[in-house]
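Here are the chains, one letter per residue:
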Amino acid sequence: MVNVLWNSEMAALGYVLLMLINILGSRAACPDEDPGLENWSNSATWTSGVPVEGADVIINKKVALDVSPGVDLGSVTIATGGQLVFLPDRELILRTKYIHIKGGRMDIGSEDCLYKGKAKIQLLGTADEIYTVPGFGRKFIGVDASGTLEIHGERKLPWTKLSTPVRKLANDEFLSRDVVTQDMDTHGLMVNSYNPVTGISDRPRGEFKIGVAHQRAIERETQRFIDYTNDVPTGNVIMLAVRKFIIDRENAFDRSRFYDAVELLGYGKITNTSKIRDLVFYDSFAMIVVKGDPTKTVEGFEPYKAEGIHQKSTATLLSDDQRMKFYTESYTRSLGFGKSTATFEVTYTNRSIPILEVSDEVISWHTGDKVFITSTDYDWRQIEVGTLLRCDSCTKNQIRIDLTPRFNHFAAITKNVDMRAEVGLLSRNIVIEGDMAKGDDQLGGHIKVLHGFKNFHIEGAELHRMGQSLELGNYPIHWHMCEDVDDMDIYPTPTYARQNSIHDSYARCITVHATHGATVDDNVCFNSIGHGYFLEEGGEKRIVFRGNLGVGQIAGNLVSTDIRPTTFWITNPLTTMENNVAAGGDGFGIWYVFPLEPIGTSKGKGYMGVGEASHTAITWFYNNVVHSNKLVGLKLDDTMDENGTRISNNMYEPWNDPLDELSGNKKVEIIKLTAYKNRYFNAMVRGFIEIIDSSIADSAQGLQMLRWRTGGQKVTNTVILGDSENFGEPSPGSHRSLPMAGTMSESIPRKGLIFGMGPMIAKNIWFDGFANTADAEAGAIGFQPLNGMLSSPDNVLDGIGFGFNDGSEGNRIYQDANPEDYRDGNKVERLYDASGSVTSVPGASIVRATPFQMTPNCAERKNWKMAVCKEHFAQMFVKLERDDSATMLRTDNVVKNRHSSDHIGQAVFNVVTGGTYSYLLKFDKILPKHSIVLRAANMAVDGGFVLGVCVPKDLVFRGGVRKPAPSRLTEVTGVADVESGDGSNYYFDREVGVIFVKFVYDGGSSLTTIVGLMRLETKNRSDLDCVSAFTAKYGATKEVFGQSPLQLPTEMVSSSREPPNNVGAGPTRA
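Bear in mind that the values here come from a model prediction, so they are computed numbers and not experimental data.

1. Description of the overall build of the protein
Each helix and strand in the protein was counted, giving 7 helices and 83 strands. Taken along its principal axes, the extent of the C-alpha atoms in the protein is 115 × 75 × 55 Å. Residues classed as buried in the protein amount to 61% of the 1070 residues present. About 39,800 Å² of surface is accessible on the protein, with carbon and sulfur atoms providing 51% of the total. Charged side chains in the protein number 111 positive and 131 negative. The centres of these two groups are separated by 3 Å.

2. Here we look at the packing of aromatic side chains
Following the criterion strictly, the structure yields 37 aromatic pairs and no others. On the numbers, 5.7 Å between centres and 20° between planes, the contact of Phe767 with Phe802 is stacked. Linking Phe767 in strand S63 (residues 760–768) with Phe802 in strand S66 (residues 801–802), this pair joins segments that are 35 residues apart in sequence. Relative to Phe988, the ring of Phe957 has its centre 5.9 Å away and its plane inclined at 55°; by these criteria the two rings are tilted. Remark: Phe988 occurs in strand S81 (residues 985–989) and Phe957 occurs in strand S78 (residues 956–962); sequence separation between them is 31 residues. The residues Phe957 and Phe988 share a single accessibility class, namely buried. Each member of the aromatic cluster is reached from another via a ring pair, and the members are Phe208, Phe225, Tyr228, Phe258 and Tyr259.

3. A word on the environment of Glu777
Position of Glu777 relative to the elements: it lies in the loop between S63 and strand S64 (778–783). For the pair formed by Glu777 and Tyr98, sequence separation is 679 residues and the distance between their alpha carbons is 58 Å. Residues in contact with Glu777, not counting those within four places in the same chain, are Pro749, Arg750, Asn772, Tyr814 and Lys865. A polar atom in the side chain of Glu777 sits 3.3 Å from the side chain of Lys865.

4. Re unusual backbone geometry
Located in the positive-phi region is Lys139, a residue other than glycine, with phi close to 60°. The topology assignment puts Lys139 in the loop between strand S11 (118–123) and strand S12 (140–143). Judged by relative accessible area, which is 0%, Lys139 ranks as buried. In this model, Arg542 sits at a positive phi of 60°, which is unusual for a non-glycine residue. Mapping Arg542 onto the fold places it in the loop between strand S41 (533–535) and strand S42 (543–546). On the basis of relative accessible area, Arg542 is assigned to the partly exposed category, the value being 35%.

5. Considering the nonpolar core
Counting residues in hydrophobic clusters, the biggest one holds 110 residues, and the most contacted among them are Phe86, Trp479 and Phe767. In terms of residue count, S63 provides more of this core than any other element does, 4 residues in total. Every residue in contact with Phe767, bar those within four places of it in the chain, is listed here: Ile720, Leu753, Ala780, Ile781, Ile800, Gly801, Phe802, Gly803 and Phe804. In this structure, Val878, Val912, Tyr919 and Leu947 belong to the second largest nonpolar core, which totals 42 residues.

6. A closer look at the state of the cysteines
The tally for this structure, following the rule as stated, stands at 5 disulfides. Paired through a disulfide, Cys391 and Cys394 show a sulfur-sulfur distance of 2.0 Å. Disulfide Cys391 to Cys394: torsion about the S-S bond roughly 85°, handedness right-handed. Bridging Cys950 to Cys1026, the disulfide has an S-S length of 1.8 Å.

7. Examining the sheet that holds strand S75 (residues 918–923)
Here we have 7 strands laid out as an open sheet, ordered S73-S72-S75-S77-S82-S81-S80, and mixed in their pairing. Edge positions in the sheet fall to strand S73 (898–901) and strand S80 (970–971), since each has one partner strand and no second. Here strand S77 (residues 944–950) pairs with strand S82 (residues 994–1000) via 7 bridges, running antiparallel. Bridge pairing links Cys950 to Val994 in S82.

8. Quick word on the environment of Ile846
Relative to the helices and strands, Ile846 resides in strand S68 (residues 844–847). It is 51 Å that separates the C-alpha atoms of Ile846 and Arg498, two residues lying 348 residues apart in sequence. Look past the residues within four positions of Ile846 in its chain and what remains in contact with it is Leu797, Ile813, Glu829, Arg830, Leu831, Val838, Thr839, Trp864, Met866 and Ala867.

9. Observations concerning the pattern of salt bridges
In this structure the tally under the stated criterion is 63 salt bridges. In this structure, Lys61 and Glu38 form a salt bridge, with 2.7 Å as the shortest nitrogen-oxygen distance. Placement of the pair is Lys61 in the loop between strand S3 (56–59) and strand S4 (62–65) and Glu38 in strand S2 (residues 38–39), with a sequence separation of 23 residues. For Glu38, a relative accessible area of 27% puts it in the partly exposed group. A salt bridge links Arg861 to Asp806; its shortest N-O distance comes to 2.9 Å. Remark: Asp806 occurs in the loop between S66 and helix H5 (824–827) and Arg861 occurs in strand S69 (residues 858–861); sequence separation between them is 55 residues. Both residues of the pair, Arg861 and Asp806, belong to the buried class.

10. Some remarks on the environment of Ile510
If you trace the backbone, Ile510 turns up in strand S38 (residues 510–516). For the pair Ile510 and Pro928, spaced 418 residues apart in the sequence, the C-alpha separation amounts to 57 Å.

11. Some points on the packing of helix H2 (residues 215–230) against helix H3 (residues 256–267)
It is at 9 Å that the axes of H2 and H3 come closest, and there the two elements cross at 15°. Classified by the angle between their axes, H2 and H3 sit roughly parallel to one another. The element H2 and its partner H3 pack so that their crossing is left-handed. Of H3, the residues touching H2 (which contributes Glu219, Thr222, Gln223, Phe225, Ile226 and Thr229) are Arg257, Phe258, Ala261, Val262 and Leu265. Taken together, the residues of the contact of H2 with H3 break down into 6 nonpolar, 3 polar and 2 charged.

12. Re the sheet that holds strand S14 (residues 159–161)
Pairing is antiparallel in the open sheet, where 6 strands are placed in the order S14-S30-S25-S26-S27-S24. One side of each edge strand has no neighbouring strand; the edge strands of this open sheet are S14 and strand S24 (355–357). If you compare each strand with its neighbour and ignore which way they point, the axes differ by 40° on average. With 3 bridges connecting them, S14 and strand S30 (residues 422–425) associate as antiparallel partners. Within S30, the position partnered with Trp159 by the bridge is Gly424.

13. Description of the side chain of Ser528
Mapped onto the elements, Ser528 comes out in strand S40 (residues 524–529). Discounting chain neighbours no more than four positions away, the residues touching Ser528 are Tyr304, Ser505, Arg508, Cys509, Gly552, Gln553 and Ile554.

14. Side note on the confidence of the model for the protein
Here the protein averages 92 in pLDDT, while 95% of its residues score no lower than 70. Confidence over residues 1–27 falls short of pLDDT 50; this stretch has 42 contacts with residues more than four positions distant or in other chains.

15. Describing the pairing of strand S9 (residues 99–102)
Sheet topology places strand S6 (residues 75–79) next to S9; 4 bridges connect them, and they run parallel. From the neighbouring strand, Ile78 faces S9, where its bridge partner is Ile101. The sheet contact formed by S9 and S12 spans 3 bridges and is parallel. Considered in S12, the bridge of Ile101 is made with Val143.

16. A few points about the side chain of Thr716
Following the sequence through the fold, Thr716 ends up in strand S61 (residues 713–721). Given a relative accessible area of 9%, Thr716 falls into the buried group. Every residue in contact with Thr716, bar those within four places of it in the chain, is listed here: Glu690, Ile691, Ile692, Asp693, Lys763, Asn764 and Ile765.

17. Topic: H3
Counting along an α-helix, one turn takes 3.6 residues, and residues three or four places apart therefore face a common direction. The first and last C-alpha atoms of H3 sit 16 Å apart over 12 residues, in line with the 16 Å expected at 1.5 Å per residue. When H3 is considered as a whole, its buried residues turn out to be Phe258, Tyr259, Ala261, Val262, Glu263, Leu265 and Gly266. Next to the buried residues of H3 lie strand S16 (188–194), H2, strand S18 (237–243), strand S19 (286–290) and strand S20 (293–300). In the stretch just after H3, Gly268 is the one whose phi turns positive, near 75°.

Each value, and the rule that gives it
Residues numbered from 1 in each chain as written. Predicted model: local features only at pLDDT ≥ 70, side-chain atom pairs only at ≥ 80, totals over all residues. Heavy atoms only, no water. Helix = DSSP H or I, 4+ residues; strand = E, 2+ residues; numbered from the N terminus. Buried < 20%, exposed > 50% of the residue type's maximum accessible area, 1.4 Å probe, protein only. Areas by Shrake-Rupley, 256 points an atom, 1.4 Å probe, with all protein chains shown as cover. Lys, Arg positive; Asp, Glu negative; His and termini not counted. Charge placed at Lys NZ, Arg CZ, Asp CG, Glu CD. Phe/Tyr/Trp six-rings, centres within 6.5 Å; stacked < 30°, edge-to-face > 60°. Contact = heavy atoms within 4.5 Å. Polar contact = N/O pair within 3.5 Å; in protein donor to acceptor, adjacent residues only side chain to side chain. Core = buried A, V, L, I, M, F, W, Y, C linked by side-chain atoms within 4.5 Å. Disulfide = S-S within 2.5 Å. Pairing = 2+ DSSP bridges. Salt bridge = Lys/Arg side-chain N within 4 Å of Asp/Glu carboxyl O. Axes fitted to C-alpha atoms, helices over the stretch in contact; angles between N-to-C directions. Parallel < 35°, antiparallel > 145°, perpendicular 65-115°, else oblique. Left-handed = near helix turned anticlockwise from the far one by under 90°. Nonpolar A, V, L, I, M, F, W, Y, C, P; charged D, E, K, R; others polar. pLDDT = per-residue confidence, 0-100. Expected span 1.5 Å × (residues − 1).

Below is the structure:
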């Protein structure tokens, strides 16, 4: 049946006049005050009477939804000239398969006239229904070209911070507690009876295997249930919970007598309305009954199944005197060897209904609202959900919450790291939800906006069971290929999604696809499959994420990267990220991952050129928080191929002009990042980036800076903690939670700031909490393990502070052991302590304590596994044939002091400058075919060194040096002439087969000297081992004069027990 609105013969003229009124701005601020509205309930509004069950409704004039239709509609289409307005100050429910705004408009309040009633839209349909609306699919609210959707719920504070800690209940704080676990090897309906005055169980637990696949057994278990409950005294509290299942897999047997018995117990009569009748295999269900008083019966059933396998339903009842709380929980899990539970608890309300203080005024939150408290530990699943109860004594910053705390929730700013839990609000007065009539098939509802829409604004709405995991393109809120929505000539009122609550979503929370300029502010994304806030194809520019909270993103399979679900998935650098929180999920918190060019439908549209994203600076990153993520908090690395598959190394090198390599590098600033309790890494970033005013704490690896080409990374004014005062839930054998507990990497060393290739400058950093523990070693400053690339000689430490005494209370530096086959990048690691704040020796170098690098001016620091040297080290790079390696020997002891390097196509060595030491280089297999290129980086202005190179005795070559401009090397008659020269000479000892050259500062700003031996000619490229001839003529050892052993303090004391006030991110919210 199709219901079509009657159009008068003046409709066309009326529509034109309406448009003129809109243009002149005289539309009523409150849409319900428009005098032209006709009520839905009035049969005269419709050509065929008020729409009936299954009707496909077409609206082409102004209609006011004044009552709930009371029927399930087939669809609602709002055509050009049509308008549907939800009237306020009432409760309205609209149930339909879809709403198609096809040139018309739908209004639930307005920006200047927020909706004051309670409105609910339930989108109907199951996965086995076959129909599709072009551009939208199934089960949707769709805004087509020229359409308008205005949803404006009450303004409620979306989330705040916890100010008083929540302490989990100890076992002795329960009056009664019974948990049925997999170890008990029972399933079905679990039932307990309690004295209403004492809260003590008065009989053994009843267990009824209603889920057996045998009719006679079902009847027998039903009779046992009836006998058990009949025997319970009137007035007792009876709690029921399903463990595993009470329905067989095919639901092939009659359980009507059992359902009748449950309803008679709970309601005193057979109602045929209990949710227990709707259960399917592995559905959870909870119920509390006061026997003889049906007004107090509480049922709990939540159809949403996280990951398709986890489901939890709860029920709560307070005693008449409000002194005790009765709580039951049914948790079912369809995988994992039956890890389902049924829980029964009785507690005193002063502990299980605590009054909590929060950082903001929450006068917009009301009794009955659902809220959650995020985890402040490594496991984001320590999140807890509760219901607000009336609290006459509460201040504007306090709430009373029905919550039996299972976990501790931290509520402090410790050492300038804000680790206060977030408290998020789920409830809104406008609800849009997917109706799950046939269980949890993951076909939720969705809202989609198409190109050419007129207006789209959604705020203050609760979106529940939205999104569709079965196919791409159907998300709770979705701008779909709308292009430039910040073009004020086309959209004078910019589109936004703000202050919404999106929870229990089957696919994402908010998606921006091929759309530029949308604003996403102050939303809550709680429990979603796949990425949460999602920029889809890499072409989405000028998107603003501000003040959003996300938590609980679990793995999905819509795109390949959904296996690492990310709260904020950012695929374009032209994005503003400010004041957001990623409070935990199964993957990453914030992930910047730029494709080489936009992918999918955005490819070739000119949104971004090939490689443009990797050379474009991030617009703005300020005061964002990432915590409790299973993998990484903040990741700025990796790219994607045209299929959306992740590829490592984003090659991120921003330029002033992203299309002009010669325009110069442009630094990206990450300001006020707070990252804590992310399991593997708190932050991992690659590119020309500075981390400023940030706070990092509690992770296996704190902050790692990865280089592409530019280097020049910096970390300034930042606090980095290893183990903080936030102890979390103790891991086995420990007094605190450990990041890698229970994993194969349990003993991985914990490091704060990790140096990789570099060069990187760390300035004004304060460290604390890096003591070795029983499970792992630790150090405030460490190095990238298995670094097979290079390690810059220009890594600088300056103004570093520590809150612990080195040695007795922790380790300032940590390095792994030094096996002979360690990677080249690790062998040449070097830190320069500019101010002496780390080593107590200004200008000292921190290097590995190998004989090749150690001198009398060095002292080994045992707990660091490193040495401190009052020496200047340059780094020598030697070009090799691809499969070759090279060995360098220090001539004060050519037997002992040697170093081998086999980096692909290049060998690298740390060498001491100043003239005290000289070196001998040997190619291990074969001479380079055309030229020997020797490059010394990080040369000292006032120092140099002499290098001998083993070559074939018959070698013919031409020598050159860059000093600072290229010039020819001049041959001299002895090595002494080279040693006393200015680096422009060479000596070829043909008897030994060695060429001597001298490296000195070349006068340029790069501190790099290059010597080349070119146009090589020889009859034997393998005649390279001159070591024996060299030692025979020049000696195997050479005495070194003028050095005295370096002495380090036995214990390096803390610089301050608290960080300076101006270091770190500090409070992330007032």
